[in-house]
Amino acid sequence: MAEKKIVRITSDVPGPKSRQLYSEMEQNVPRGTAHMTPIAVSSAKGATLTDVDGNTFIDFAGGIGVLNVGHRPDEVVKAIKEQADKYLHACWHVTIYEPYIRLANKLNTITPGQFPKKTILLNSGAEAAENAIKIAKYHTKRYGILSFLEGFHGRTAAAMSLTGQIQPYKYNFGPPIPWVYHLPFAYCYRCPFGQTYPGCELACAKYVEKVFEGVISPDAVAALVVEPVQGEGGFIVPPKEFLPEIYKTCKERGILFIDDEIQTGIARTGKMFAIEHSSIEPELVLIAKSVGGGTVLSAVTGKAEIMDTPHVGGLGGTYGGHPLSCVAGLAALDLVEKDNLIARANTIGDKIKQAFLAMQEKYPIIGDVRGLGAMVAMELVKDRATKEPASKESALVREKCYQNGLIVIGAGIHHNVIRTLIPLVITDEELEEGLSILDEALRSTPIQ
Ligand SMILES: Cc1ncc(COP(=O)(O)O)c(C=O)c1O
């Protein structure tokens, strides 16, 4: 246990002010926008967050992967304030502005691929996915898209169609966009083919040939979209040969490789982008979340000749590349370099993994521990032999955590994965204290 306590719980959680705001929320906001903790934030800094009742929590969720540089870094706040004193909005389509160009140049430089690149800036991850699909179709004059089961790419029409999870994302929302086909991902803990790696010889990666034989001709496929580590799907890390095998298939068939780095990017996995753990050079990269340092920002960065195919006016939007987000993004990317957050991701990732493995030795409920860099998760099961998902128990563990001052969120198609998207600026003391709260929550949660 850490010597100095960071967590400060002054009332029952949720406290009276949070409860009041929750009841007002229920009257004013549709229930479809889910909430993982019943508290309302009042302020946040680094890796801690204080609620409206004065309780301070350690934050293992980082705004779902948006806060790799932490809550409100001084440099990001300063850049936003300085920009706010100049102009807030001019609209990129009316007058161009320098911060957009500087950020596009930065993203063109730091993304993998030894070829000229261009970047369009947008607002959300889903909007990046939508634009990448439009660009890929326009460029290839093909209209099929391949994506993966358990994958997640957003909630708008095309992004939802790419997503490989019915609940909660697609259920009852009507037909997907046409010609999207889902492939099996390398979810080795629950192999879709009932096999074991490496004896499986990557049956999942080879399945695409069956799809080409019976579902869609490869020369009708514009692009394949993949998360290098599936995020919402449950932090599923494929074996090292999986992505290169898929990439080879794309290269051989003229299919563009779209790398969704929205959750994995900006140092999270111990590289600036997770795809750099391989030698793949994706034609298009989707970037969002932590690139904005806590502001609203996303991007598609890709091969210049591909990015340049759509006609003038075919891409963009009123707010894409908002000046406040651009300056925040530039400051956040500077911080990743200045504070060497890539190395920090590896250091804290190792610590989390070791702690999770030690917990797995003590608690039979932990079926699997997996991750890449600081993107680490545990999958909870009722029985290690049957792997029956321990979904209720997972919710209970997370509830105990926030009641004791740790915000931690779930993932996975069975909602039985506990994941960490910890701000990379977390101190060792905060990390230790957070892990001990999680340990205690697991210890006191029986399998039901
Ligand atoms: C891999 C991935 N792609 C796309 C998205 C969608 O991003 P947004 O919620 O900003 O639309 C997410 C969000 O969690 C994501 O994790």
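Computed from a predicted model, the values in this text were never measured in an experiment.

Engineer: Can you help me understand the packing of aromatic side chains in this one?
Structural biologist: For any pair of aromatic rings, the description rests on two quantities: the centre-to-centre distance and the angle between the ring planes. A full pass over the atoms with the stated rule returns ten aromatic pairs. Taken together, a centroid distance of 6.2 Å and an interplanar angle of 70° make the contact between Tyr 97 and Tyr 100 edge-to-face. Side by side, Tyr 97 and Tyr 100 carry an identical accessibility label, which is buried. Judged by centre distance (5.9 Å) and plane angle (65°), the rings of Phe 148 and Phe 242 are edge-to-face. Taken together, the residues span a long stretch of sequence, with Phe 148 in strand E5 (residues 144–148) and Phe 242 in helix H9 (residues 242–253) at a distance of 94 residues.

Engineer: Where do I start with the sheet that holds strand E15 (residues 417–420) in this structure?
Structural biologist: Pairing between the strands of a sheet comes from backbone hydrogen bonds, and it takes one of two forms, parallel or antiparallel. The strand order across the open sheet built from four strands is E11-E12-E15-E14, with neighbouring strands paired in antiparallel fashion. The sheet terminates laterally at strand E11 (366–372) and strand E14 (409–411), the two strands that pair on one side only. The mean inter-strand angle of the sheet, taken between neighbouring strand axes irrespective of direction, is 30°. As paired strands, E14 and E15 are joined by three bridges and run antiparallel to one another.

Engineer: Could you clarify how one ought to interpret the nonpolar core in this entry?
Structural biologist: It is characteristic of soluble globular proteins that their nonpolar side chains tend to be buried jointly. Counting 87 residues, the largest nonpolar core has Met 359, Met 378 and Leu 442 as the members making the most contacts within it. Residue contributions to this core peak at eight residues, all from helix H11 (residues 323–338). Residue contacts for Met 359: discarding those within four places in its chain leaves Ile 366, Met 378, Leu 435, Leu 438, Asp 439 and Leu 442. In this structure, Leu 146, Tyr 189, Leu 243 and Ile 280 belong to the second largest nonpolar core, which totals 29 residues.

Engineer: Even after reading the chapter, I still don't get the side chain of His 153, so can you show me in this structure?
Structural biologist: Of note, His 153 is situated in the loop between E5 and helix H6 (157–162). With a relative accessible area of 4%, His 153 lands in the buried category. A distance of 2.7 Å separates a polar atom in the side chain of His 153 from a polar atom in the side chain of Asp 260. If near-sequence neighbours (up to four positions away) are discounted, His 153 is found in contact with Gly 125, Ala 126, Ala 129, Ala 159, Leu 162, Thr 163, Val 225, Val 226, Glu 227 and Asp 260.

Engineer: Just checking my understanding: could you explain the pattern of salt bridges for this structure?
Structural biologist: Oppositely charged side chains can form a pair if their charged atoms are brought close together. As enumerated under the stated definition, the model contains 21 salt bridges in all. As a salt-bridge pair, Arg 102 and Glu 98 come within 2.9 Å of each other at their nearest N and O atoms. On the criterion of helical spacing, the pair formed by Arg 102 and Glu 98 is a turn pair, its members being four residues apart in helix H4 (residues 98–110). In this structure Arg 102 comes out as partly exposed when scored by relative accessible area, which is 45%. Put simply, Lys 338 and Asp 339 hold a salt bridge, and the shortest N to O gap is 3.3 Å. Residue classification places Asp 339 among the partly exposed residues on the basis of a relative accessible area of 38%. Here the salt bridges do not stand alone but share partners, grouping Arg 190, Asp 368, Arg 370 and Glu 379 into one network.

Engineer: Can you help me understand the packing of H4 against H11 in this one?
Structural biologist: A pair of packed helices is characterised by two quantities: the angle between their axes and the separation of those axes. Where H4 contacts H11, the two axes come as close as 8 Å, and the packing angle between them is 35°. Considering how the two elements wind past one another, H4 and H11 form a crossing that is left-handed. Across the interface between the two elements, Pro 99, Tyr 100, Arg 102, Leu 103, Lys 106, Leu 107 and Ile 110 from H4 touch Cys 326, Val 327, Gly 329, Leu 330, Leu 333 and Glu 337 from H11. Considering only residue class, the contact of H4 with H11 consists of nine nonpolar, one polar and three charged.

Engineer: I'm lost on the sheet that holds strand E2 (residues 48–51) in this one. Help?
Structural biologist: Taken together, four strands build an open sheet; the order of strands is E1-E2-E3-E13 and the sheet is mixed. Where the open sheet ends on each side, the last strands, each with one partner, are strand E1 (41–45) and strand E13 (406–407). In this structure, E1 lies alongside E2, joined through four bridges in antiparallel fashion. Bridge pairing links Val 41 to Asp 51 in E2.

Engineer: Looking at this structure, I do not really get the side chain of Gln 360. What am I missing?
Structural biologist: For Gln 360, the position within the fold is in helix H12 (residues 341–362). Apart from residues lying up to four places away in sequence, Gln 360 is in contact with Ile 366, Gly 367, Asp 368, Val 369 and Arg 384.

Engineer: How should the environment of Leu 202 be read in this particular structure?
Structural biologist: With respect to the helices, strands and loops of the structure, Leu 202 is situated in the loop between strand E6 (180–183) and helix H7 (203–206). The spacing of Leu 202 and Pro 239 is 37 residues in sequence and 8.8 Å in space, taken between C-alpha atoms. Ignoring anything within four residues of it in the chain, the contact list for Leu 202 reads Pro 239, Glu 241, Phe 242 and Glu 245.

The rules behind these values
- Residues numbered from 1 in each chain as written.
- Predicted model: local features only at pLDDT ≥ 70, side-chain atom pairs only at ≥ 80, totals over all residues.
- Heavy atoms only, no water.
- Phe/Tyr/Trp six-rings, centres within 6.5 Å; stacked < 30°, edge-to-face > 60°.
- Buried < 20%, exposed > 50% of the residue type's maximum accessible area, 1.4 Å probe, protein only.
- Helix = DSSP H or I, 4+ residues; strand = E, 2+ residues; numbered from the N terminus.
- Pairing = 2+ DSSP bridges.
- Axes fitted to C-alpha atoms, helices over the stretch in contact; angles between N-to-C directions.
- Core = buried A, V, L, I, M, F, W, Y, C linked by side-chain atoms within 4.5 Å.
- Contact = heavy atoms within 4.5 Å.
- Polar contact = N/O pair within 3.5 Å; in protein donor to acceptor, adjacent residues only side chain to side chain.
- Salt bridge = Lys/Arg side-chain N within 4 Å of Asp/Glu carboxyl O.
- Left-handed = near helix turned anticlockwise from the far one by under 90°.
- Nonpolar A, V, L, I, M, F, W, Y, C, P; charged D, E, K, R; others polar.

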